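# Inside the fold
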Amino acid sequence: MAEDDTGSGHEGERRIFELTRDKILLVTLLFVGIAGSGIVRRLLGELGYDGLGAIVFILGYGGMVFAIWYGWIRPMDITGPD
């Protein structure tokens, strides 16, 4: 009888820091939404397009917030006890 030595012994229990496709997507979305839109805003500001840079930042940051809400927060069943 061979034992499987793959973790803490709790079958079906997922680790918090396990690298999954969803977590990579979330981190990428956060990075692009915050840092990416900020960098583009800065570059457009240096080129003299402050208004366009502000619009790009608002759309990038707002789009990131909407995507996170729609993909991760909205599907959660957050209800109290009956």
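Residues numbered from 1 in each chain as written. Predicted model: local features only at pLDDT ≥ 70, side-chain atom pairs only at ≥ 80, totals over all residues. Heavy atoms only, no water.

With that settled, consider helix α1 (residues 21–46). Its 26 residues place the ends of α1 36 Å apart at the C-alpha level, agreeing with the 38 Å of an ideal helix rising 1.5 Å per residue. Two residues or fewer after α1 comes G48, characterised by a positive phi angle close to 95 degrees. (Helix = DSSP H or I, 4+ residues; strand = E, 2+ residues; numbered from the N terminus. Expected span 1.5 Å × (residues − 1).)

Next up on the list: the packing of α1 against helix α2 (residues 50–73). The description of two helices packed together rests on the angle between their axes and the distance between the axes. Contact geometry for α1 and α2: axes closest at 7 Å, N-to-C directions at 170 degrees. If you check the angle between α1 and α2, you find them roughly antiparallel. Class assignment of the residues belonging to the contact of α1 with α2 gives a composition of 16 nonpolar, six polar and three charged. (Axes fitted to C-alpha atoms, helices over the stretch in contact; angles between N-to-C directions. Parallel < 35°, antiparallel > 145°, perpendicular 65-115°, else oblique. Nonpolar A, V, L, I, M, F, W, Y, C, P; charged D, E, K, R; others polar.)

Once that is clear, we can look at the packing of aromatic side chains. According to the stated counting rule, one finds four aromatic pairs in the structure shown. Each ring, one from F57 and one from Y61, has its centre 5.7 Å from the other, and the planes form 25 degrees; the classification is stacked. In this pair, F57 and Y61 both sit in helix α2, four residues apart, roughly one turn of the helix. What makes Y61 partly exposed here is its relative accessible area of 36%. Three or more aromatic residues joined by ring pairs make a cluster, and in this case those are F66, W69 and Y70. The ring centre of Y70 lies 4.2 Å from the NZ or CZ of R74, which sits over that ring. (Phe/Tyr/Trp six-rings, centres within 6.5 Å; stacked < 30°, edge-to-face > 60°. Buried < 20%, exposed > 50% of the residue type's maximum accessible area, 1.4 Å probe, protein only. Lys NZ or Arg CZ within 6 Å of the ring centre and 35° of its normal.)

To continue, consider the side chain of S37. With respect to the element layout, S37 can be found in helix α1. With relative accessibility at 6%, the residue S37 sits in the buried group. Leave out the neighbours within four places in its chain, and S37 touches V32, V56, F57, G60 and Y61. (Contact = heavy atoms within 4.5 Å.)

Our next topic: the environment of F31. Its location among the elements puts F31 in helix α1. For F31, a relative accessible area of 58% gives the class exposed. With 33 residues separating them in the primary sequence, F31 and M64 have C-alpha atoms 9.4 Å apart.

Let us look at the pattern of salt bridges. Summed over the entire model, instances satisfying the criterion amount to one salt bridge. With a shortest N-O distance of 2.8 Å, R42 and E46 are connected by a salt bridge. Here R42 pairs with E46, and both are found in helix α1, just four residues apart, close to one helical turn. When its relative accessible area of 56% is taken as the criterion, R42 is described as exposed. (Salt bridge = Lys/Arg side-chain N within 4 Å of Asp/Glu carboxyl O.)

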